[in-house]
Amino acid sequence: MQLSLSTPFAFATLRYSQVAIVMVPVLFCCFSLLLLFLQWHHPKDKRLPPGSMGWPYIGETLKLYTENPNSFFSNRQKRFGDIFKTHILGCPCVMISSPEAARIVLVTRAHLFKPTYPTSKEKMIGPEALFFHQGPYHSRLKKLVQASFLPSAIRGSVSEIEQIVLRLLPTWKSNTINTLQEMKRYAFDVAMISAFGAKQDMEMDGIKHLYRCLEKGYNSMPLDLPGTPFHKAMKARKLLNETLRKLIQKRRQSGRREGGLLGVLLGAKDHEKLNQLSDSQIADNIIGVIFAAHDTTASVLTWILKYLHDNPDLLEAVTVIQETLRTASILSFTFREAVQDVEFEGYFIPKGWKVPPRPNTYMPFGNGVHSCPGSELAKLEMLILLHHLTTTYRWQTVGDEDGIQYGPFPVPKLGLPIRVNRRNKAAIS
């Protein structure tokens, strides 16, 4: 027998449904507030640094994204002092200003502060990437990555990198280009060779496409809602992981490791336990290395072209690279996370809070045990491109825009539009 709405059972069901519709959002809000309370709560006898946590969840992220990071930091330093709290990218933070304090966090007491990124970044790169770890797993992975990028290991990549340059530069001739985008294109192609070896598999085009989809949402607000850049990026991340794992399995089954970091990771074994890295560990670290090798190198090269244009007397490429790394720090923030409650210069830093040093602190390749393992490759690819560019071409900036934009790396405004022309033969000779 079918029940009608007039029966007590159906009436009660309807009432419960109405109550549920009202209660679910209320419970969700209460749960969110509870998480915020637990995140920010600290013992009464402990003193957090002064500062502002901004709006719930959003914190001061919007202010950070719309300001020069140096201004964001300086304004709060003047108001609160050399150590202050804030909330950015979904994370409670304690920001520090002095080089001495940065050295304590990054070197002398590094065991108390593990390297970390906001949760949204960790999801995109992959939780098993070496950037998010410390201890034996981190040491093992770093040795493997360093082994892939030692001068002796990358010497064989010189001809492949040079071929990328020789294919790229003629496309700039007599054209106006966006320097940042072209340098991203170059750095990405070098990163792909470094990760997968010179012999490219048929999956490479798909991997490149998915990576670019992922990159578009990497610096967006972490709102995982349909239609948002973050949601699209996470979908691309899932597909990228599936594609990489198929490639890893194919190489395992064929027994051919080929070159690049992937070959090193496939052949890696723990000599004590004789266990291989899992497919997910390899995939996360491949994605992580491509991220690390891409935007940062492209930003440095963009600044180098600007400095060479503004200072035509600078002729030594090595001098230019070192001076660029000194005057244009590429990373706005280097995140560390307290692995336990820490007493720091009279203040309390709760476990799990982020501790970024002052924006643009001079650390071109990081510091301490978490310094960049790919620094030699970055220098090599910059030198190869600069050699061919400066000996064959000259460039002029286009437009009157000057200054810096942040996205999040500091780069010349509009990505430095330039017009490139071939040097005349008399100048070359």
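In the block above lies the structure referred to throughout.
Residues numbered from 1 in each chain as written. Predicted model: local features only at pLDDT ≥ 70, side-chain atom pairs only at ≥ 80, totals over all residues. Heavy atoms only, no water.

### Details of empty space enclosed by the protein
To keep things clear, this is the line we draw: Using protein atoms alone on a 1 Å grid, points that fit a 1.4 Å probe yet trap it form a cavity, whereas open point sets bounded by protein on both sides within 12 Å along at least five of seven lines form a pocket; residues with an atom within 4 Å of a point count as lining. Grid points are joined across faces, edges and corners, and a volume is the space filled by probe spheres set on the points. Throughout this entry, Asp, Glu, Lys and Arg are counted as charged residues, while Ala, Val, Leu, Ile, Met, Phe, Trp, Tyr, Cys and Pro are counted as nonpolar. The remaining residues, Gly among them, count as polar.
Using the criterion set out here, one finds one cavity of 30 Å³ or more in the structure. As a volume, the largest cavity reaches approximately 40 Å³. Considering only residue class, the lining of the largest cavity consists of five nonpolar, two polar and no charged.

### A few points about a nonpolar patch on the surface
Let me state the cut-off plainly: Nonpolar side chains (Val, Leu, Ile, Met, Phe, Trp, Tyr) within 5 Å and like charges within 9 Å form the patches, drawn only from residues with over 30% relative accessible area and no salt bridge. What sets the accessible areas is the Shrake-Rupley method with a 1.4 Å probe; for residues, cover comes only from the shown protein chains. Whenever a carboxyl oxygen of Asp or Glu lies within 4 Å of a side-chain nitrogen of Lys or Arg, that contact is scored as a salt bridge. Under the DSSP-based scheme used, a helix requires at least four consecutive residues in state H or I and a strand at least two consecutive residues in state E, with every element numbered from the N terminus.
A cluster of nonpolar side chains, contributed by Trp55, Tyr57, Ile58, Leu62, Leu223 and Leu225, occupies part of the molecular surface with about 630 Å² of accessible area. Mapping leucine 62 onto the fold places it in helix α2 (residues 61-66).

### Some words on the sheet that holds strand β8 (residues 393-397)
Put simply, the rule is: Two strands make a pair as long as DSSP finds a minimum of two bridges between them. Each axis is a line fitted through C-alpha atoms, taken for helices only over the stretch in contact, and angles between the N-to-C directions span 0 to 180 degrees. Whether two residues are in contact is decided by their heavy atoms, any of which lying within 4.5 Å being enough.
Pairing in this open sheet of three strands is antiparallel, and the strands run β4-β11-β8 from one edge to the other. Each end of this open sheet is capped by a strand with a single partner; those strands are β4 (175-178) and β8. The sheet shows a mean angle of 35° between the axes of neighbouring strands, taken without regard to direction. One ladder, built from four bridges, connects β4 with strand β11 (residues 417-422); its direction is antiparallel. When the sheet's bridge partners are listed, asparagine 178 is paired in β11 with proline 417. Contacts between helix α9 (residues 179-196) and the sheet are confined to β4 and β11, with β4 contributing the most and set at about 75° to the helix.

### A few points about the packing of aromatic side chains
The test is simple: Each aromatic pair joins two rings of Phe, Tyr and Trp (for Trp, the six-membered one) with centres within 6.5 Å, and gets the label stacked for planes under 30 degrees apart, edge-to-face for over 60, and tilted for any other angle. Residue exposure (1.4 Å probe, protein chains only): buried if accessible area is under 20% of the type maximum, exposed if over 50%, otherwise partly exposed. Either the NZ atom of lysine or the CZ atom of arginine qualifies as a charge over a ring when it sits within 6 Å of the ring centre and within 35 degrees of the ring normal.
In the structure shown here, the tally under the stated rule is seven aromatic pairs. Relative to phenylalanine 291, the ring of tyrosine 211 has its centre 5.1 Å away and its plane inclined at 55°; by these criteria the two rings are tilted. In this pair, tyrosine 211 sits in helix α10 (residues 204-216) while phenylalanine 291 sits in helix α13 (residues 279-310), placing the two residues 80 residues apart along the sequence. Of the two residues, tyrosine 211 and phenylalanine 291, neither departs from the other in class, the shared state being buried. Grouping aromatic residues by their ring pairs yields a cluster made of Phe188, Tyr211, Tyr218 and Phe291. Here arginine 76 stacks its cationic end above the ring of phenylalanine 72, 3.8 Å away from the centre of that ring. Above the face of the tyrosine 218 ring, lysine 121 is positioned so that its terminal group lies 4.5 Å from the ring centre.

### Considerations on α13
Here is the rule we go by: Here the expected length of a helix is defined as 1.5 Å per residue gap, with one fewer gap than residues.
Here α13 spans 47 Å end to end across 32 residues, near enough to the 46 Å set by a 1.5 Å rise per residue. With 28 of its 32 residues buried, α13 lies for the most part within the structure.

### Let's talk about the packing of α9 against α10
Two numbers describe a pair of packed helices, the interaxial angle and the distance between the axes. Inclusion rule: In what follows, roughly perpendicular refers to angles from 65 to 115 degrees, roughly parallel to angles under 35, roughly antiparallel to angles over 145, and oblique to any angle outside these ranges. Crossing chirality is assigned from the near helix's rotation relative to the far helix, an anticlockwise turn below a right angle marking it left-handed and a clockwise turn marking it right-handed.
It is the contact of α9 with α10, at a shortest axis distance of 12 Å, that shows an interaxial angle of 125°. The orientation of α9 with respect to α10, classified from their angle, is oblique. In terms of crossing hand, the pair formed by α9 and α10 is right-handed. Contact with α9, carried on its side by Lys184, Phe188, Asp189, Met192 and Phe196, involves Met204, Ile207, Lys208, Tyr211, Arg212 and Glu215 of α10 and no other residues of that element.

### Thoughts on the pattern of salt bridges
Between side chains of opposite charge, a pair can form when the charged atoms approach closely. A full pass over the atoms with the stated rule returns ten salt bridges. Between lysine 184 and glutamate 215 there is a salt bridge, with the nearest N and O atoms lying 3.6 Å from each other. Of this pair, lysine 184 sits in helix α9 while glutamate 215 sits in helix α10, and the two are 31 residues apart along the sequence. Glutamate 215 matches lysine 184 in its accessibility class, with the two residues each being buried. Here lysine 306 and aspartate 310 are joined by a salt bridge, their closest N and O atoms 3.1 Å apart. With lysine 306 and aspartate 310 both in helix α13 and four residues apart, the pair spans about one turn of that helix. A relative accessible area of 14% places lysine 306 in the buried class. Taking relative accessible area as the criterion, aspartate 310 reaches 40% and is therefore assigned partly exposed.

### As for unusual backbone geometry
The backbone of glutamate 345 sits at a positive phi, close to 50°, despite the residue not being glycine. When you line up the elements, glutamate 345 lands in the loop between β6 (342-344) and β7 (347-349). Its relative accessible area of 51% is what places glutamate 345 among the exposed residues.

### Let's talk about the environment of leucine 377
Mapped onto the fold, leucine 377 is located in helix α15 (residues 375-392). It is 9.9 Å that separates the C-alpha atoms of leucine 377 and threonine 297, two residues lying 80 residues apart in sequence. In this structure leucine 377 touches Phe149, Ile154, Ile161, Val190 and Ser194, once residues within four positions along its chain are discounted.

### As for the nonpolar core
Heads up, the rule is: Residues enter a nonpolar core if they are buried and are Ala, Val, Leu, Ile, Met, Phe, Trp, Tyr or Cys, with the set joined through side-chain atoms within 4.5 Å.
Core analysis: the biggest nonpolar cluster contains 76 residues, and Tyr186, Phe196, Ile286 and Ile290 have the highest contact counts within it. By residue number, the principal contributor to this core is α13, which donates 14 residues. Contacts of phenylalanine 196, omitting those with residues within four sequence positions, involve Met204, Ile207, Leu244, Leu247, Arg251, Glu258, Gly259, Gly260, Leu262, Ile286 and Ile290. Ile83, Ile96, Ala101 and Leu112 belong to the second-largest nonpolar core, a separate cluster that totals 17 residues.

By themselves, these are just geometric observations and shouldn't be taken as functional.
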